[in-house]
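Coordinate inspection notes
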Amino acid sequence: MAFPIPSRQLFIGGEWREPVLKKRIPIINPATEQIIGDIPAATAEDVELAVEAARKAFSRNKGKDWASAPGAVRAKYLRAIAAKITERKAELARLEATDCGKPLEEAAWDMDDVAGCFEYNADLAEGLDAKKKAPVSLPMETFKCYVMKEPIGVVALITPWNYPLLMAAWKVAPALAAGCTAILKPSELASVTCLELAEVCREVGLPPGVLNILTGLGPEAGAPLASHPHVDKIAFTGSTVTGSKIMTAAAQMVKPVSLELGGKSPIVVFEDVDLDKAAEWTAFGCFWTNGQICSATSRLVLHESIAAEFLDRLVKWTKNIKISDPLEEGCRLGPIVSGGQYEKVLKFISTAKSEGATILCGGVRPQHLNKGFFVEPTIITDVTNSMEIWREEVFGPVICVKTFSTEDEAIELANDTHYGLAAAVISNDLERCDRVSKAFQSGIVWINCSQPCFCQAPWGGNKRSGFGRELGEWGLDNYLSVKQVTQYISNEPWGWYKSP
């Protein structure tokens, strides 16, 4: 059934504005390959206007309107945004599923998380009021010291297409809670719900320029935003290659960045597990969100004594996944987001085969779907450490398998990657789980599960998966700078120099 996509403009200074060059980008439904609408394409000219609007909003009324207003004032807007998202949940979920291809039930879950993220950060904003002048204990009684946390300024928030509105919320909510003003640049492959966030901000009366939203291509809109001299910080989620370019641009002005980049995360399954429980978590860890998750546990490290039986169960679970149009009831795997991504995923699978790996199941278009960017969930065995499929992020529903015999070997295989975002271990021996968790070189560890994520807990990686943490209080700290204030409180002169 056709679902109308709202036609929007760029959101700058609290108003809808046509791009200066009047360019637009078609929206392609990944389930049908049909053009279903278009989004505005910002360029450097629009970036200039958005940054100017954000700077004005930051300093308006000497900051009293937003940046230095009580946290409780900002919290009121964040809660109003959360309420509107909840009110429009069904519509936003349909737009998200249609735009990026994720199953409708997943998209609805995302909307709950978006609202929850704004609510949680509203609480953190209020908490800032109680920490306005945090005292610091000093060894000299003649001085007293306190610390102030202040918003970092105008921030550029560049987000991916796999969780379009949720990844935006992960950045927008803490940035606004901290008192920053922001320019959000979502991925051109899935921007529809981020433009609806603009409408929500308009409806709740968010002060103009506090949040500006620019859709458009990376080189035309993202690059001039990342290199803009009046942007004080860049927060980016996306590929390691693009993250490296953003870091290079920021380095020219010694500008802070936080980066949440790619992953090739392991899931280690020991011999003492319930096979079906472990098989479902293994499938979920890599096939959730159509396999397009930075933290996907896409390298299965499996104890050799259960390998044959476990893989047999995993194949059965995988073949039982309903692949369909994301709006169809019960859909559990939708299409890859775009034609370009679809071709990349298929290329990874064909390269694995040519390098000598075995495609145990999947790896092709589902027979019942002759349109759309669909790939059957894929399990690849007979993998060596040097193969591309073991080393590189696929960003699709593809899991590769290696076996081990000892705990030390399992840890070595798990850490055999230049990424370090997440890792999972499945075992009934909780002492072993603790040992393995400590040994994993990753920012996130899951025990007896894969992929749960809560806005109260920190999120981020090590190595080439980036640095900085989002979510929780750590996410708020991303957008605050620390100022120490020290006062001399003695009536005595300092007495270092001889009095003239």
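Overview of the structure. Given the structure is predicted, the values throughout are model-derived calculations rather than measurements. (Residues numbered from 1 in each chain as written. Predicted model: local features only at pLDDT ≥ 70, side-chain atom pairs only at ≥ 80, totals over all residues. Heavy atoms only, no water.)

Brief notes about a nonpolar patch on the surface
Taken together, the side chains of Met140, Tyr488, Trp494, Trp496 and Tyr497 present a nonpolar region at the surface, about 720 Å² in accessible area. Along the polypeptide, tryptophan 494 turns up in the segment after strand S22 (480-488). Residue tryptophan 494 is classed as exposed on the basis of its relative accessible area, which comes to 56%. (Patch = residues over 30% accessible without salt bridge, like charges linked within 9 Å, V, L, I, M, F, W, Y side chains within 5 Å. Areas by Shrake-Rupley, 256 points an atom, 1.4 Å probe, with all protein chains shown as cover. Salt bridge = Lys/Arg side-chain N within 4 Å of Asp/Glu carboxyl O. Helix = DSSP H or I, 4+ residues; strand = E, 2+ residues; numbered from the N terminus. Buried < 20%, exposed > 50% of the residue type's maximum accessible area, 1.4 Å probe, protein only.)

Let's talk about helix H6 (residues 192-203)
Here H6 is twelve residues long and its end C-alpha atoms lie 17 Å apart, about the 16 Å a rise of 1.5 Å per residue gives. Phi for glycine 205, located one or two positions after H6, is positive at around 75°. (Expected span 1.5 Å × (residues − 1).)

Let's talk about the pairing of strand S3 (residues 24-29)
For S3 and strand S4 (residues 34-40), the ladder comprises six bridges, and the chain directions are antiparallel. Residue pairing in the sheet places asparagine 29 in a bridge with glutamine 34 of S4. Taking the residues that link successive antiparallel strands as the turn, the S3-S4 hairpin has four residues, and the phi of glutamate 33 there is positive, at about 65°. (Pairing = 2+ DSSP bridges.)

Some remarks on the sheet that holds strand S19 (residues 444-447)
Read from one edge to the other, the open sheet built from seven strands follows the order S14-S15-S16-S13-S12-S18-S19, with strand pairing classed as mixed. On the outer flanks of this sheet lie strand S14 (358-361) and S19, each paired with one strand and no other. Here the strands of the sheet are splayed against their neighbours by 25° on average, with no regard to which way each runs. In the sheet, strand S15 (residues 378-381) pairs with strand S16 (residues 398-404) via three bridges, with the strands oriented parallel. If you follow isoleucine 380 over to S16, its bridge partner there is cysteine 400. Helix H13 (residues 407-414) contacts strand S12 (266-269), strand S13 (299-303) and S16 of the sheet and is inclined by roughly 150° relative to S16. Together, strand S18 (422-426) and S19 form the strand contacts of helix H14 (residues 430-439), whose direction differs from that of S19 by roughly 165°. (Axes fitted to C-alpha atoms, helices over the stretch in contact; angles between N-to-C directions. Contact = heavy atoms within 4.5 Å.)

So, the pattern of salt bridges
Between side chains of opposite charge, a pair can form as their charged atoms come close. Inspection of every chain in the model, using the stated rule, returns 30 salt bridges. One salt bridge connects aspartate 38 with arginine 24, and the closest N-O pair in it is separated by 2.7 Å. Linking aspartate 38 in strand S4 with arginine 24 in strand S3, this pair joins segments that are 14 residues apart in sequence. The shortest N-O distance in the salt bridge between glutamate 119 and arginine 79 comes to 3.5 Å. One end of the pair, glutamate 119, is in helix H4 (residues 104-130); the other, arginine 79, is in helix H2 (residues 71-87), with 40 residues separating them in the sequence. What makes glutamate 119 partly exposed here is its relative accessible area of 34%. Since its relative accessible area comes to 25%, arginine 79 is described here as partly exposed. Ionic contacts of the salt-bridge type, sharing partners, join the residues Arg8, Arg88, Glu91, Glu196, Glu199 and Arg202 into one network.

Focus on the sheet that holds S22
Spatially, three strands are ordered S5-S6-S22 in an open sheet, and the strand pairing comes out antiparallel. The strands lining the two open edges of the sheet, one partner per strand, are strand S5 (134-136) and S22. Across the sheet, the mean angle separating the axes of adjacent strands is 30° when strand polarity is ignored. Relative to strand S6 (residues 143-151), S5 is paired through three bridges, and the arrangement is antiparallel. Bridge assignment links alanine 134 to a residue of S6, and that residue is valine 147.

Considering the packing of aromatic side chains
All told, the structure shown has 13 aromatic pairs when counted by the stated rule. Aromatic pair tryptophan 66 and tyrosine 77: ring centres 5.9 Å apart, planes at 50°, arrangement tilted. Of this pair, tryptophan 66 sits in the loop between helix H1 (44-59) and H2 while tyrosine 77 sits in helix H2; the two residues are eleven residues apart in sequence, bridging distant segments of the chain. Classification of tyrosine 77 as buried rests on a relative accessible area of 16%. Following the ring pairs from residue to residue traces out a cluster consisting of Trp109, Trp281, Phe284 and Trp288. A cation sits over an aromatic face here: lysine 102 above tyrosine 163, 3.7 Å from the ring centre. (Phe/Tyr/Trp six-rings, centres within 6.5 Å; stacked < 30°, edge-to-face > 60°. Lys NZ or Arg CZ within 6 Å of the ring centre and 35° of its normal.)

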